[in-house]
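Read off the chains here:
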Amino acid sequence: MFGMTDYMIMDGGIFFRTFDKDNDGSVSVKEWIEGLSVFLRGSLEEKIKYCFHVYDLNGDNYISKEEMFQLLKNSLNRQPTEEDPDEGIKDLVEITLKKMDHDHDGRLSFADFEKAVREEDLLLEGFGICLPDNTSIERYERHLFEEQ
């Protein structure tokens, strides 16, 4: 669904974790509807909050260097000829921090992330795709309404 893997969506995946607001291990109907609302038609503010929580892998309200590294490592294609591809990712993390870490504490708070995205909206999904594209949204909505 939406070009995303089952792992990303199902139990334990980043989308499941983000939709499960009360952290009870299940997504209620209310959580599902609210999550889909943001996912499919959310405002920029809602999408910023959603993406930040997707990228905050450990739920501590910060995106750490380690989380950035993991997210970028999983989303970038590595060239087989590179001797140490992790070095390039580490450099990218440092560049990202220089651009987005407005309070210079070595990690991204929600305020840092929000300010950076408002300055450059391409940074919204800078650590990996976490929102569907318009074509996927339209296809999903057509499918949903055809069923009824």
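What counts as what
- Residues numbered from 1 in each chain as written.
- Predicted model: local features only at pLDDT ≥ 70, side-chain atom pairs only at ≥ 80, totals over all residues.
- Heavy atoms only, no water.
- Helix = DSSP H or I, 4+ residues; strand = E, 2+ residues; numbered from the N terminus.
- Buried < 20%, exposed > 50% of the residue type's maximum accessible area, 1.4 Å probe, protein only.
- Contact = heavy atoms within 4.5 Å.
- Areas by Shrake-Rupley, 256 points an atom, 1.4 Å probe, with all protein chains shown as cover.
- Core = buried A, V, L, I, M, F, W, Y, C linked by side-chain atoms within 4.5 Å.
- pLDDT = per-residue confidence, 0-100.
- Phe/Tyr/Trp six-rings, centres within 6.5 Å; stacked < 30°, edge-to-face > 60°.
- Lys NZ or Arg CZ within 6 Å of the ring centre and 35° of its normal.
- Expected span 1.5 Å × (residues − 1).
- Patch = residues over 30% accessible without salt bridge, like charges linked within 9 Å, V, L, I, M, F, W, Y side chains within 5 Å.
- Salt bridge = Lys/Arg side-chain N within 4 Å of Asp/Glu carboxyl O.
- Axes fitted to C-alpha atoms, helices over the stretch in contact; angles between N-to-C directions.
- Parallel < 35°, antiparallel > 145°, perpendicular 65-115°, else oblique.
- Nonpolar A, V, L, I, M, F, W, Y, C, P; charged D, E, K, R; others polar.

A short note on the overall build of the protein
At step 1: When you go through the protein residue by residue, the secondary structure sums to eight helices and two strands.
At step 2: Helices and strands appear in the protein in the N-to-C order α-α-α-α-β-α-α-β-α-α.
At step 3: Within the protein, the proportion of its 148 residues that are buried is 39%.
At step 4: Residue pairs at least 24 apart in sequence account for 54% of intrachain contacts in the protein once pairs closer than 6 positions are excluded.
At step 5: A total accessible area of about 9400 Å² is found for the protein, and carbon and sulfur atoms account for 51% of it.

Describing the nonpolar core
The nonpolar side chains of soluble globular proteins are, as a tendency, buried together.
At step 1: Core analysis: the largest hydrophobic core is formed by 31 residues, its most contacted members being Tyr 50, Cys 51, Tyr 55, Ile 63, Phe 113 and Phe 127.
At step 2: No other element matches the six residues that helix H4 (residues 44-55) contributes to this core.

Focus on the confidence of the model for the protein
Close inspection of predicted coordinates is inappropriate in any region flagged by low pLDDT.
At step 1: Chain-level statistics for the protein give a pLDDT mean of 84 and a share of 83% at 70 or above.
At step 2: Of all helices and strands in the protein, the one with the weakest mean pLDDT is helix H1 (residues 6-9) (50), whereas strand S2 (residues 108-109) scores best (98).

Re the packing of aromatic side chains
To describe a pair of aromatic rings, you give the distance between the ring centres and the angle between the ring planes.
At step 1: Under the criterion given, the structure shown has eight aromatic pairs.
At step 2: For the pair Phe 19 and Trp 32, a centre-to-centre distance of 5.5 Å together with 55° between the ring planes defines the contact as tilted. Taken together, the residues span a long stretch of sequence, with Phe 19 in helix H2 (residues 14-19) and Trp 32 in helix H3 (residues 29-41) at a distance of 13 residues.
At step 3: Here Trp 32 falls in the partly exposed class, since its relative accessible area comes to 34%.
At step 4: With a centroid separation of 5.8 Å and 65° between ring planes, the pair formed by Phe 39 and Tyr 50 is classed as edge-to-face. In this pair, Phe 39 sits in helix H3 while Tyr 50 sits in helix H4, placing the two residues 11 residues apart along the sequence. Neither residue differs from the other here; Phe 39 and Tyr 50 are each classed as buried.
At step 5: Three or more aromatic residues joined by ring pairs form one cluster here, namely Phe 52, Tyr 55, Phe 110, Phe 113 and Phe 127.
At step 6: One residue, Arg 107, lies across the ring of Tyr 62, its end atom 3.4 Å from the ring centre.

Observations regarding H4
At step 1: Spanning 12 residues, H4 covers 16 Å between terminal C-alpha atoms, matching the ideal 16 Å at 1.5 Å per step.
At step 2: Those residues of H4 lying buried are Ile 48, Tyr 50, Cys 51, Phe 52, Val 54 and Tyr 55.

Structural notes on unusual backbone geometry
At step 1: Even without being a glycine, Asn 23 presents a positive backbone phi close to 55°.
At step 2: By the secondary structure assignment, Asn 23 is in the loop between H2 and H3.
At step 3: Relative accessible area serves as the criterion here: at 61%, Asn 23 is assigned to the exposed category.
At step 4: Even without being a glycine, His 104 presents a positive backbone phi close to 55°.

Overview of a nonpolar patch on the surface
At step 1: On the surface, a nonpolar cluster with roughly 310 Å² of combined accessible area is contributed by Val 29, Trp 32 and Ile 33.
At step 2: By the secondary structure assignment, Ile 33 is in helix H3.

Looking at the packing of H3 against helix H8 (residues 134-146)
At step 1: Between H3 and H8, whose axes approach to 10 Å, the crossing angle comes to 135°. Overall, the two elements H3 and H8 adopt an arrangement that is oblique. Within the contact between the two elements, H3 uses Trp 32, Leu 36, Phe 39, Leu 40 and Arg 41 and H8 uses Ile 137, Tyr 140 and Glu 141.
At step 2: Of the residues contributing to the contact of H3 with H8, the split by class is six nonpolar, no polar and two charged.

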